[in-house]
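# Observations on the model geometry
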Amino acid sequence: MRRLADAGPDLIIAHGGQNSEAVMTVAADYPEVLFSVTQGDVTGDNVSSYEVLQEQSAWLAGAAAGLLTQSGVVGHISGIRVTPGLKGRGGFYHGLQHTRPDADFLTIFAGDQDDVSLAHDVASAQIEAGADIIFTMLNAGRQGAIDAMHEAEGVWQFGNVREWHEDYPEVFAGSAIANVSMAGFVAAEAVKQGSWSSGEVVRIGLENPEAVRLSLAPWVEDDIVAELDRLAAEIVEGSIEVQTSYDGEEFSL
């Protein structure tokens, strides 16, 4: 980061909150350079953070799961307990509670984002426990959940980050889109337009569908799509507040 700053750019974008400490250290020595941290919450005289609110699309995925589940049992699988994953899980849970408050919620952070075998075992266990929809916040391990659903019938998955149903239409009911790279573009555009301000945490949500939105499979019925569109509009206008806490039971194998 110091080498980048030595080149005298207008802006340095540090992608990911894991860079927060380094930014605060380096920015103090380069007051003429602007620093933006994506998915962070640090600020300073020449530092602002830009956060894509993936919990908003996760909330909508939970709401969709509540409208679509036939069994009344909905699962969630992630790997490591990092803040974005915890907030996404909380958002999904509260969206589910909004549309199906009597649903049983099965949730686990299994300890690894990339272990295909582990994800397969967890998904299979949740399916055996009655889940007919599972929200996966995984990396390479997602393939294990996909494989488990190929082995079952009547079970659907919601993915995250990008669209998944185009690749696996037989498995995915939709995806909670959260394009965190948009945080960097928004920061750069602000610098270009002269509207960048220091000392701010800029939050980017459903009002910017390039960054945050719910994507649904084509088979989802029109009335459900319309209801989810209505809920998304209420989040944007502020009449629905997306909560990210969860203190309920955890699923175990």
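Reading guide: rules and limits
Residue positions are given per chain, counting from 1 as you read along its sequence in written order. With the structure being a predicted model, the display of local features is reserved for residues of pLDDT at least 70 and the display and counting of side-chain atom pairs for 80 or more, all residues being used for whole-chain, interface and lining totals. Where side-chain values are given, they derive from all heavy atoms of the structure, hydrogens and water being excluded. Lining residues are defined by having an atom within 4 Å of a point belonging to a cavity or pocket. Those points lie on a 1 Å grid over the protein atoms alone, cavities being sets where a 1.4 Å probe fits but cannot get out and pockets being open sets with protein on both sides within 12 Å along at least five of seven lines. Grid points are joined across faces, edges and corners, and a volume is the space filled by probe spheres set on the points. Only DSSP runs of H or I reaching four residues or more are called helices, and only runs of E reaching two or more are called strands; each is numbered from the N terminus. Side-chain classes follow a simple rule in which Ala, Val, Leu, Ile, Met, Phe, Trp, Tyr, Cys and Pro form the nonpolar group, Asp, Glu, Lys and Arg form the charged group, and the remainder, Gly included, forms the polar group. Here, two residues are considered to be in contact whenever any of their heavy atoms come within 4.5 Å of each other. Whenever Lys or Arg places a side-chain nitrogen within 4 Å of a carboxyl oxygen from Asp or Glu, that contact is recorded as a salt bridge. Residues belong to one nonpolar core when they are buried, are Ala, Val, Leu, Ile, Met, Phe, Trp, Tyr or Cys, and are joined through side-chain atoms within 4.5 Å. Only protein chains enter the area calculation, which uses a 1.4 Å probe; residues under 20% of their type maximum are buried, those over 50% are exposed, and those in between are partly exposed. Without a salt bridge and with relative accessible area above 30%, a residue can belong to a patch; like charges are then joined within 9 Å and nonpolar side chains (Val, Leu, Ile, Met, Phe, Trp, Tyr) within 5 Å. All accessible-area figures derive from a Shrake-Rupley calculation using a 1.4 Å probe, and residue coverage is judged against the displayed protein chains alone. His is not counted, nor are the chain ends; Lys and Arg add positive charge and Asp and Glu add negative charge. Every charge is mapped to an atom, namely NZ of Lys, CZ of Arg, CG of Asp or CD of Glu. Two strands make a pair as long as DSSP finds a minimum of two bridges between them. Here the axes come from fitting lines to C-alpha atoms, over the contacting stretch only for helices, and the angles between their N-to-C directions go from 0 to 180 degrees.

## A short note on the layout of surface pockets
Put simply, the largest pocket is a space of about 460 Å³. For the largest pocket, the lining is made up of 20 residues, of which Gln54, Val82, Pro84, Gly85 and Val180 are closest to its centre. When contributions to the lining of the largest pocket are tallied by element, the ones reaching two or more residues are helix 4 (83-99) and strand 7 (156-161). Here the residues of the lining of the largest pocket are counted per class, giving 8 nonpolar, 12 polar and no charged. The computed volume of the second largest pocket comes to approximately 220 Å³.

## Side note on the environment of Val122
Within the secondary structure, Val122 is located in helix 5 (residues 116-128). The spatial distance from the C-alpha of Val122 to the C-alpha of His76 is 9.7 Å, given a sequence separation of 46 residues. Other than its neighbours up to four places away in sequence, Val122 contacts Ile77, Ile108, Ala110, Phe251 and Leu253.

## Digging into the pattern of salt bridges
In the structure shown here, the tally under the stated rule is 11 salt bridges. The closest approach of N and O atoms between Glu51 and Arg203, which form a salt bridge, is 3.4 Å. On the criterion of sequence distance, the pair formed by Glu51 in strand 3 (residues 47-52) and Arg203 in strand 9 (residues 201-204) is long-range, its members being 152 residues apart. Salt-bridge contacts for Glu250 lead to Arg81; the nearest nitrogen and oxygen are separated by 3.9 Å. Of the two residues, Glu250 is situated in the segment after helix 8 (222-237) and Arg81 in the loop between strand 4 (73-78) and helix 4; the sequence distance between them amounts to 169 residues. Where salt bridges share partners, they join Glu51, Glu55, Lys87 and Arg203 into one cluster.

## Some remarks on the nonpolar core
Counting 44 residues, the largest nonpolar core has Trp59, Leu60, Phe92, Phe158, Leu214 and Leu228 as the members making the most contacts within it. Among the elements of the structure, strand 3, helix 3 (54-68), helix 4, strand 6 (133-137), strand 8 (172-178), helix 7 (181-193), strand 10 (212-216) and helix 8 are those that each provide at least two residues to this core. Once residues within four sequence positions are removed from consideration, Trp59 is found in contact with Gly91, Phe92, His94, Gly95, His98, Leu231, Ile235, Ile240 and Val242. Counting 21 residues, the second largest nonpolar core, distinct from the first, contains Ala123, Ile134, Ala145 and Ala148.

## Description of a negative patch on the surface
On the surface, a cluster of negative charge is made up of Asp112, Asp114, Asp115 and Asp121. Secondary-structure assignment places Asp114 in the loop between strand 5 (104-109) and helix 5. Judged by relative accessible area, Asp114 falls into the partly exposed class, the value being 43%.

## Side note on the sheet that holds strand 3
As summarised here, the arrangement of the 4 strands in space is 1-2-3-9, forming an open sheet in which the pairing is parallel. Edge strands, defined here as strands with exactly one partner in the open sheet, are strand 1 (11-15) and strand 9. Across the sheet, the mean angle separating the axes of adjacent strands is 20° when strand polarity is ignored. In this sheet, strand 2 (residues 34-38) lies alongside strand 1 in parallel orientation, the contact comprising 5 bridges. Looking at strand 2, one finds that Ala14 is bridged to Val37. Each of strand 1, strand 2 and strand 3 touches helix 2 (residues 20-27); the most contacted strand, strand 2, lies at about 175° to it.

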